[in-house]
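Spelled out, the chains give:
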Amino acid sequence: MYIELPATGFSLEAAKRAAYDLMAQIDVSFSVNEKSIGCELSAVRPDVDLISAERDFRRGVLDHELRLSIERQTEPLRTAILALAFSNTGLQRE
Amino acid sequence: MSRFREAEHFDSSGDGPYTMLPWRFTNLRDDQYVVTNMAGEYLSLPREKLESFATGKLAADEATYAELKARHFLIDDDTNVAIDLLALKTRTKLAPLADFTGLHIFVATLRCEHSCPYCQVSRANDNRTEFDMSEATATKSLDLVFQSPSPAIKIEFQGGEPLLNFSLIKFVVGEAKKRNEAARRDLAFVIATNLAVLTDEHLEFAREHDILISTSLDGPADLHNRNRPRPGRDSHQRAIDGIKRARSALGFHHVGALMTTTAASLARAKDIIDEYVHMDFGGIFLRPLSPYGFAIKTKFYQSYDQRRWLDFYFEGLDYIIDLNLGGLDFIEHYAAMVLKKMLTPSQTSYVDLMSPAGIGIGALVYNYNGTVYVSDESRMLAEMGDETFALGNVHDHGFAELMLSEKLLEPLEKSFAASVPGCSWCAFEPYCGSDPVFHHATQGDFVGKKPLSAFCTRNMAVFRGLIERMEADEKVRAIFERWANLI
Amino acid sequence: MIPLRARSIAFNDAAIATGGRIMRLSTNLERPAPLRRSEGFVIVDAENIAPGFAWYISCAGEALKGAALDAPSVELPAEFGYLGDGDVISVEPKSGTVRVLFRRVSAYNHFLLTERCNNNCLMCSQPPRAVQDGWIVDEILEALPLIDRSAREIGFTGGEPTLLGERFIELVRATESYLPNTSLHVLSNGRNFANDRLAASVAAVRHHDLMLGIPLYSDLAHLHDYVVQADGAFDETVRGILNLKRHGVRIEIRAVLQRPTTERLPQLARFIARNLLFADHVALMGLEVTGFAKANLNRIWIDPVDYGSELRAAVKILMQAGIKTSIYNSQLCVLPEDLRPYARRSISDWKQEYLPACDGCSVRAKCAGFFATSGMKHSRAITPIFSEAA
C-alpha cells in the first residue's frame, strides 16, 4: 500500500519513527522528494490488517511530529537540568 | 499599616507564554494519554489538553495548567525553581549507580537433586566435587566482592542446590565477616534453596549468622510438583515444611519465597496467590516468563506467550487488589517496584528495570569454576552455549580488568535506554530498564528492536495497566502508594 | 497568659543610678559570694534576704519595704511571682521596663532576633516593623552565657532572623559555644539562604543540634507568594531549603493551616514527599489569630473541623513517605481521632490557655489548648473528650 505525506507539515524523521513503532506489523520503505514523502507499506505477516496499520501509521506520524516539536523546544532545558544534576554529585574532583 | 494584595496579584502565569519542561507522552487508552517528565512524574490527560499544552495554548487558569505546573511540566513568569528540583530529582534517581555492585551471587555448586525442566544449570547430585566451588575460587571471588565500593553488600548463594556444598557456604560467610571487620559494609547473606535437603545444622548456622532464606514456591502442590520434579515427587511438601522450620528457627521475616512462571502457571494465577496467602507471605512476585529455557526465536510465539502472561499477570494483580480492598495487606512485588519509580523520588534495585542496565553494576555472578558473569541470566545463557557475557575468571583477572572490559562496557553503553530508538522517545522510559542480555538472547543484539521485544511489550502493558487502575479508583491508588513506599 | 514584660515599674534610686543590665536570678540563700556580685536575688519572704547580690527583685511589696536595701532593687507586680532560680532578665530603670529573657523551668524559650522581615504574611502573629533593632543581638549575646547550660532547647524567631546577616551567624555560633548541650530551633522564611554563602556559613558553625523551621504554604508558587505577600518568595525559599540541605543543615517544613493552604494541603504534602523527601520534620500548625491574622480573617479563616479530611490525607502521604510529621497548635477534640497521636502540646506556656468548654475533658493535659492571643476565635466544635484514658 502506497501513501504520500506532503513535505510541508511532515518530516521524514517522524515517518521513520512511526514506521519503527509499527515494525511488528508493517515494513515501510521511503522515497523522498521536495514535495512529499512517499511511504510503501507492506505487511510482515499474512494476518496483518493493512488498513488498520495504515491508520495507525498516519496517527503515529502525527504523534511523532508533535514529539519532535516538543523535543526541539525542550532540548536546551533538558541539557541544563542534566548539567545541573551532574554538577553537584561530588563524584568529580575539582 | 500594610496593604494586603489578592492572590491574583501574585499570579503572573497568565502574563506571558509558559515554557515547557522536557516531557513525553504516550497513549493510555482511546482519547486518554499519559504525560511523563524526566523524574518519572506523570499525569493523565485527554488528547485535547495534551495538544493544547504542546502548542502553547493551554490557559493559565485551567486546572490542568496548575497540575502541570505543580508537577514540573512547565515554568512561567511566576516560578522556575522547577529546574533546580528536576535536577535534584534526576540526580536522586541516578544516585544509586555510584554505589555500584551490591548483589554478589556465589554459585556454590551445580549439583541438585531436583530436575526442574526450566532449569538450565543443574547437574546430577552424585557427590562428585567437580561442579562445586572451591575455597580457592571463593577466596578470589571475595577479593572482588570487597573491591566493589557499595556500602551494602549482599552475598547470595545459588546453585544447583547450594546447601549440597554447605562447607563452602560456611567458609564464605566466615571469610566475608572477617574481611568486613575492616571493610565495615552493611553485609547480608541469602541462601537460595529448594529446602528439600535442609538440616538442623543448616538452620543453626543460618540463625547464628543472620542469614536469609529464599526458596521456590511455584503454587499449590500439583502445580509446584509438576514444575519441580524430584525423587519422591514431594518437592512441595518439603518446601512447605522447610519454610515452617526456617521461620521457626530464623524468624518470620528471614524467609522469602519466589515463584517461577511456566506455561502451566498461566491458568492458575488465583491458586498460586492463594498458596502464598495461605502460607502467610506478605506478598508475591508475579515473575515474567524466562526465555532462557526455551529456544524461542520466532516473534509470533513470543508475543503470544507475552499476551498470555499479561492476562495471567493482570488476573493476579486484580485478585490481589481485591484482597487488599477487603482488608488484607498483600503486595504484588513487580508492581511495587514499578510503582516506586512512578510514585516516589526513589529508585528500585531490581536489576531488570535498570537503565543503565543492571548487568555488572547491579549484580555480579561468580560461577563454581570462577567465571564471572554480569547477571544470573547471562550465566543461564552460558549454559546454553553463549559466553557473550562472561567477563573473565576470578583466578585470571582483577577487578579493574573485569569491570572495565569491553564485554561489560559495550552492552551497557549500547543498550542505554535514553539513547536507543524506541526508548529515547518513550514516555515510560523513566520506569523501564534496558535488558541487553534478554535482547541478545532473543534478537541477537544488545538493543533489540523494541516493538518486537517481549520485554518491551510486557513492560509497556504493565505500566499502562497500573496507571489505568490508579486513575480509575482512588482506593487502588492508595494501595499502590502504600506499596511504593513500603518496599 | 504569663507576662514576660513589665512596664512602668518602680525602681529604687540605687537602681536608677546604676543603670540597666542583664542578669541571672537566684533564690539560693547559700549562693557563693563571687556569683552574687553579678546576679539578682529574688525575694520570696522578708525574713530570708541574702546579702551581697547586685540586685534585688520582689513581687510582693511588703518584702522590699522591710528590707531596707541600699542595693539596686525593683518591685514587680504579683503576676511575675513565677520568676525563679536560673531565670535571666533585663532591667531598664531609665524606661521603667523589666523583660524576662529566659525561664529555666519552661520548655518554651524563644528569642526574637529582630522585628524586621522581608515577608508580610497574611496571618503574621508578629507583624514586621522597619526599626533599627540591632541592639537585640547585643542583648542576646550578653544573655547567652547566663543561660542554664542544661536547658534542652531554645528558639530564635522574628521577624526574619537572616536579615541580620553576619550577626545571625554570630548568634548561632554563640549558642554553640555557650550552650553546647542545648538544641537550637530557628524560624526563618528561608529566602536569604538562596544565597549559598549564607547557607554554607550556617553549616560551617557545625552546631551540634540545629534545625531550621521554614514555611511552605502551597505546591503552587503564586499561592505561597500570596500567603507571604512577596513575589518570588516561593522560588527563593525552595532554593534556600536546597542550599541548606546540601550543606547538611536539618530542615523542618512548616505550614500554617489556613484556608489558602488547607485547600491544597494533600497536594502540598505530595509536593514535599516528591521534591523535599529529605525534610527532617514537617509541622502542620493551627492558626494563631493575632496580629495580621485578625485583619485577614476573611481571607484565611477556616474552622479546623472543616479541613479534617485534607489534614488526614496530607499526614498519610507524609508518613507513608517516611517523613516525620506533627500537628501543632490544634485542640485534640477538633482533630479526627486517628490524627490525635500526631498532635503535640506546642503552644508556648506563657500564651496558652483552656476554655470553660474544656471542663471535664480527660485529655486536657495532653492537649495543646488555645492561644491566649487568639481571643474568642476558635472552632465551633470544642467539646470535652471523656472516653480516652488520660
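In this text the structure is predicted, and so the values were computed from the model without any measurement. (Residues numbered from 1 in each chain as written. Chains lettered and ligands numbered in written order. Predicted model: local features only at pLDDT ≥ 70, side-chain atom pairs only at ≥ 80, totals over all residues.)

Things to note about the overall build of chain B
- Assigned secondary structure in chain B consists of 17 helices and 15 strands.
- A compact globule built from 487 residues would reach a C-alpha radius of gyration of about 23 Å, and chain B, at 24 Å, matches this within 12%.
- Principal-axis analysis of the C-alpha atoms gives chain B an extent of 85 × 55 × 50 Å.
- Counting only residues that meet the buried cut, chain B has 49% of its 487 residues in that class.
- Taking contacts inside chain B between residues at least 6 apart in sequence as the whole, the part at least 24 apart equals 69%. (Helix = DSSP H or I, 4+ residues; strand = E, 2+ residues; numbered from the N terminus. Rg over C-alpha atoms; globule rule 2.2 N^0.38 Å. Buried ≥ 20, exposed ≤ 12 C-beta atoms within 10 Å, placed from the backbone. Contact = placed C-beta atoms within 7 Å.)

Topic: the overall build of chain C
- Helix and strand counts for chain C stand at 13 helices and 17 strands.
- Against the 2.2 N^0.38 benchmark of 21 Å for 390 residues, chain C shows a C-alpha radius of gyration of 23 Å, consistent with a compact globule.
- Each principal axis of the C-alpha atoms in chain C carries an extent, and together these give about 65 × 55 × 35 Å.
- Put simply, chain C has 390 residues, and 45% of those count as buried.
- For chain C, the proportion of contacts with a sequence separation of at least 24, taken over those separated by at least 6, is 70%.

Description of the interface of chain B and chain C
- Taken together, the contact pairs 24 residues of chain B with 25 residues of chain C.
- At the level of elements, α2 (63-70), α3 (82-94) and α17 (474-486) of chain B are the ones that each hand at least two residues to the side of chain B that touches chain C.
- At four residues, the largest contribution of residues to the side of chain B that touches chain C is made by α3 of chain B.
- Its residues assigned to classes, the side of chain B that touches chain C shows nine nonpolar, six polar and nine charged. (Nonpolar A, V, L, I, M, F, W, Y, C, P; charged D, E, K, R; others polar.)

Section: the domain arrangement of chain C
Residues and elements named next belong to chain C.
- Domain boundaries assigned for chain C yield domain 1 (5-102) and domain 2 (110-346).
- A separation of 35 Å is found between the C-alpha centroids of domain 1 and domain 2.
- Between domain 1 and domain 2, the contact holds seven residues from the first and six residues from the second.
- Counting residues per element, the ones that place at least two in the side of domain 1 that touches domain 2 are β3 (21-26), β7 (88-92) and β8 (97-102).
- Its residues placed into classes, the side of domain 1 that touches domain 2 shows four nonpolar, two polar and one charged. (Domains from an automatic or database assignment.)

Brief notes about the sheet that holds strand β10 (residues 153-157) of chain C
All names here are of chain C.
- Strand order in the open sheet formed by seven strands is β9-β10-β11-β12-β13-β14-β15, with parallel pairing between adjacent strands. Both edges of this open sheet fall to β9 (110-112) and β15 (325-328), since each of them pairs with a single strand only. Looking at each pair of strands side by side, their axes are set apart by 20 degrees on average, direction ignored.
- Note: β10 against strand β11 (residues 183-187), four bridges, orientation parallel. Each bridged residue has a counterpart across the sheet, and for G155 the counterpart in β11 is H185. (Pairing = 2+ DSSP bridges. Axes fitted to C-alpha atoms, helices over the stretch in contact; angles between N-to-C directions.)

A look at the interface of chain A and chain B
- The interface of chain A with chain B comprises 22 residues on the first partner and 21 residues on the second.
- Sorting the residues of the side of chain A that touches chain B by element identifies α1 (12-21) and α2 (50-87) of chain A as the ones contributing at least two each.
- No other element matches α2 of chain A, which puts 13 residues into the side of chain A that touches chain B.
- Of the residues that constitute the side of chain A that touches chain B, the class distribution is 13 nonpolar, five polar and four charged.

Some words on the confidence of the model for chain C
- Put simply, chain C has an average pLDDT of 93, and 97% of its residues get 70 or more.
- Interface predicted TM-score (ipTM) for the complex: 0.93; the corresponding pTM is 0.92. (pLDDT = per-residue confidence, 0-100.)

Examining the domain arrangement of chain B
Residue and element names in this part refer to chain B.
- Segmenting chain B into domains produces domain 1 (19-94), domain 2 (100-290 + 347-406) and domain 3 (291-346 + 416-487).
- Its C-alpha centre places domain 2 at a distance of 23 Å from the equivalent point of domain 3.
- Each partner contributes to the interface: domain 2 provides 36 residues, whereas domain 3 provides 35 residues.
- Elements with a contribution of two residues or more to the side of domain 2 that touches domain 3: α9 (269-278), β11 (283-284) and α12 (376-383).

Notes on helix α16 (residues 454-472) of chain B
- An ideal rise of 1.5 Å per residue puts 27 Å on 19 residues; α16 of chain B measures up with 27 Å between its terminal C-alpha atoms.
- Within the sequence span of α16 of chain B, burial applies to A454, F455, C456, T457, R458, N459, V462, F463, L466, I467 and M470 of chain B. (Expected span 1.5 Å × (residues − 1).)

Here we look at the packing of helix α11 (residues 333-343) of chain B against α16 of chain B
Residues and elements named next belong to chain B.
- For the pair α11 and α16, the least separation of the axes is 11 Å and the interaxial angle reads 80 degrees. Judged by the angle between their axes, α11 and α16 are roughly perpendicular. The segment α11 lies against α16, with A335, V338 and L339 engaging V462, F463 and L466.
- For the contact of α11 with α16, the class distribution of residues is six nonpolar, no polar and no charged. (Parallel < 35°, antiparallel > 145°, perpendicular 65-115°, else oblique.)

A look at the nonpolar core
- One finds V35, F106, V338 and L339 of chain B together with I272 and L318 of chain C to be the most contacted residues of the largest nonpolar core, which totals 251 residues.
- With sequence-adjacent residues up to four places away left out, V35 of chain B is seen in contact with W23, F25, Y42, L43, L45, L50, F73 and A427 of chain B.
- One finds L5, I26, C39 and F57 of chain A within the second-largest nonpolar core, a separate group that totals 13 residues. (Core = buried A, V, L, I, M, F, W, Y, C linked by C-beta atoms within 7 Å.)

Some remarks on the sheet that holds strand β4 (residues 42-46) of chain B
All names here are of chain B.
- One open sheet accounts for three strands, arranged β2-β3-β4; its pairing is antiparallel. Two strands close off the open sheet at either side, each with one partner strand: β2 (23-29) and β4. Each strand axis lies, on average, 30 degrees off the axis of its neighbour in the sheet, ignoring direction.
- Relative to strand β3 (residues 32-37), β2 runs antiparallel, the two sharing six bridges. Along β3, the bridge assignment pairs W23 with N37.

Comments concerning the pairing of strand β6 (residues 103-107) of chain B
All names here are of chain B.
- With five of five residues buried, β6 is to be regarded as a mostly interior element.
- Residues L103, I105 and V107 line one face of β6 and the alternating positions H104 and F106 line the opposite face, and both faces are buried.
- In terms of strand pairing, β6 meets strand β7 (residues 152-158) through five bridges, oriented parallel. Note that in β7 the partner of L103 across the bridge is K154.
- Of the strand pairs in this sheet, β6 and strand β13 (residues 363-366) are connected by four bridges, and their pairing is parallel. If you follow L103 over to β13, its bridge partner there is A363.

Considerations on the confidence of the model for chain B
- Model confidence for chain B is summarised by a mean pLDDT of 92, while 97% of its residues fall at 70 or above.
- Every residue in residues 294-301 of chain B is under pLDDT 50, and counting partners more than four places away or in other chains gives five contacts.

A short note on the environment of H278 of chain B
- Relative to the elements of secondary structure, H278 of chain B occurs in helix α9.
- Considering only alpha carbons, one finds H278 of chain B and P220 of chain B, 58 residues apart in sequence, at a separation of 9.9 Å.

Looking at unusual backbone geometry
Residues and elements named next belong to chain B.
- The amide bond that connects G159 to the next residue, G160, takes the cis arrangement and shows omega of 25 degrees.
- As for its position among the elements, G160 is in the loop between β7 and α5 (166-183).
- The omega torsion of the bond from S355 to P356 falls at 5 degrees, within 30 degrees of zero and hence cis.
- With respect to the secondary-structure elements, P356 resides in the loop between α11 and β13.
- One non-glycine residue, R233, lies in the positive phi region at around 55 degrees.

Comments concerning the pairing of β13 of chain B
Residue and element names in this part refer to chain B.
- Neither face of β13 is open: one carries A363 and V365, the other L364 and Y366, and all of them are buried.
- Here β13 pairs with strand β14 (residues 371-373) via two bridges, running antiparallel. Paired with Y366 across the strands is V372, a residue of β14.

Quick word on the environment of A400 of chain B
Residues and elements named next belong to chain B.
- Following the sequence through the fold, A400 ends up in helix α13 (residues 399-403).
- Looking at A400, the number of C-beta atoms within 10 Å reads 9, which means it is exposed.
- A400 sits 253 residues away from Q147 along the chain, and the two C-alpha atoms are 9.3 Å apart.

A few points about the packing of α12 of chain B against helix α15 (residues 436-443) of chain B
Residue and element names in this part refer to chain B.
- Running from N to C, α12 and α15 point in directions that differ by 25 degrees, and their axes come no closer than 9 Å. It follows from the interaxial angle that α12 and α15 lie roughly parallel. The chirality of how α12 crosses α15 is left-handed. On α15, the residues touching E377, S378 and L381 of α12 are V437, F438 and A441. (Left-handed = near helix turned anticlockwise from the far one by under 90°.)

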